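# Descriptive structure summary
Take a look at the letters that make up each chain.
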Amino acid sequence: MKKLESAAKPPEPAEVTSRQGAAALGPWDIEVKGLWKSFGGAPVLRGLDLRVRAGECLAIVGPNGSGKTTLIKTLATLLRPSAGTVRVGGFDVRAEASEVRRQIGVLCHQSFLYSDLTVGENLQFYARMYGVADPGQRVGEMLRLVGLEERVATLVRALSRGMLQRLALARALLHEPAVLFLDEPDTGLDQRWAGVLRDLVVRRAAQGCTTLLTTHNLERSLDLADQVAVLNGGRIVFAARRDELDVGSLREAYHRYTGAAA
Ligand code: ADP
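Read on for an overview of the structure. These figures come from a predicted structure and were not determined experimentally. (Residues numbered from 1 in each chain as written. Predicted model: local features only at pLDDT ≥ 70, side-chain atom pairs only at ≥ 80, totals over all residues. Heavy atoms only, no water.)

What the chain contains, in helices and strands, is eight helices and eleven strands. In terms of C-alpha radius of gyration, the chain reaches 18 Å, essentially the compact-globule figure of 18 Å for 262 residues. Counting only C-alpha atoms, the chain reaches 55 × 45 × 40 Å along its principal axes. Looking at the 262 residues of the chain, the share that counts as buried comes to 52%. Of all intrachain contacts in the chain linking residues separated by at least 6 positions in sequence, the fraction that spans at least 24 positions is 70%. Positive and negative charge centroids in the chain, built from 34 and 29 side chains respectively, lie 4 Å apart. (Helix = DSSP H or I, 4+ residues; strand = E, 2+ residues; numbered from the N terminus. Rg over C-alpha atoms; globule rule 2.2 N^0.38 Å. Buried < 20%, exposed > 50% of the residue type's maximum accessible area, 1.4 Å probe, protein only. Contact = heavy atoms within 4.5 Å. Lys, Arg positive; Asp, Glu negative; His and termini not counted. Charge placed at Lys NZ, Arg CZ, Asp CG, Glu CD.)

Here it is as structure tokens:
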């Protein structure tokens, strides 16, 4: 287990073989160096460094306001970095934002769905936008996976919170992205659907998808991730590989480095 002494020191790089075996020896899919993000001069991310090897999953845990959503939005090109470099899938989020967008799937607090279109129309729209082969078949498959086949003609504004989250997940996975960003993905989901989401993420990981997720749930982070990092005050204050941690040691580290109970 490694404590990170300063913001300039990155989490331990993923050196062990991941689920994808030899593919894991490929490049970093997510590479962040000296990332600062400020709003109106107030820094929220303070010189962040992190790397996620292709095919691996990094879980970020941290108290409210520590910068988790800001980090995900910056990686997903929804916010511009104030300083530092961010590369996703080998592309720079500032200079090559559209290349980055083509290969990522994002699930965050904004659903990116059109409330006056139906469930089916939304997925058809995104399938066409991403140039998905055989969009009709793919949309049907995604609707089945998230249990919304019967809602295909329902307007998005009439969906419950959980259904909206499931549809947002279908949208995020529709084009089989190489990199997935999931910000508190269990939000609004009951235990059953949280389990389905978990299985979908695990299945994508087995296919080589690189994932960065945030969660409040330490057990969940250990369940899914190859690495866990604790974010506090816009800095990575602790990082370790999954096999160096159990729930007790992660809880203790979380408390020690954030001062908060998990
Ligand atoms: P977390 O996801 O860990 O709860 P956030 O990234 O949402 O943290 O927020 C971190 C800090 O950044 C908070 O203090 C929040 O108020 C601030 N913040 C986030 N977005 C904005 C914004 N658009 N403008 C100003 N401050 C913001």
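One open sheet holds the four strands; their spatial order is β3-β2-β5-β6, and the pairing between them is antiparallel. Every other strand in the sheet has two partners, leaving β3 (42-53) and β6 (91-92) as the edge strands with one partner each. Looking at chain direction, strand β2 (residues 28-39) and strand β5 (residues 83-88) are connected through five bridges and run antiparallel. If you follow E31 over to β5, its bridge partner there is R87. The sheet contacts of helix α1 (residues 68-75) involve β2, β3 and β5, and relative to β2 the element is tilted by about 120°. (Pairing = 2+ DSSP bridges. Axes fitted to C-alpha atoms, helices over the stretch in contact; angles between N-to-C directions.)

The subject of this paragraph is the site of the ligand. What surrounds the ligand is the set F39, V44, P63, N64, G65, S66, G67, K68, T69 and T70. At 3.2 Å, a backbone N or O of S66 approaches an oxygen atom of the ligand. T69 is positioned such that a nitrogen or oxygen atom in its side chain is 2.9 Å from an oxygen atom of the ligand. Notes on the ligand: free accessible area 560 Å², of which the protein chains cover 53%. Here the shell around the ligand gets three residues from one element, more than from any other, and that element is α1. (Near = heavy atom within 4 Å. Polar contact = N/O pair within 3.5 Å; in protein donor to acceptor, adjacent residues only side chain to side chain. Areas by Shrake-Rupley, 256 points an atom, 1.4 Å probe, with all protein chains shown as cover.)

Taken as a whole and judged by the stated rule, the model has zero disulfides. This cysteine, C57, is not joined by any disulfide, and C209 carries the nearest cysteine sulfur, 9.1 Å off. Residue C57 is classed as buried on the basis of its relative accessible area of 3%. (Disulfide = S-S within 2.5 Å.)

The final tally for this structure, using the stated rule, is five aromatic pairs. Relative to Y126, the ring of Y114 lies with its centre 6.4 Å away and its plane at 25°, an arrangement referred to as stacked. Linking Y114 in the loop between β7 (104-107) and α3 (119-129) with Y126 in helix α3, this pair joins segments that are twelve residues apart in sequence. In this structure Y126 comes out as buried when scored by relative accessible area, which is 7%. Clustering of aromatic rings is evident, with ring pairs tying together Y114, F125, Y126 and Y130. The positively charged end of R53 is found above the aromatic ring belonging to W28, 4.5 Å away from the centroid. (Phe/Tyr/Trp six-rings, centres within 6.5 Å; stacked < 30°, edge-to-face > 60°. Lys NZ or Arg CZ within 6 Å of the ring centre and 35° of its normal.)

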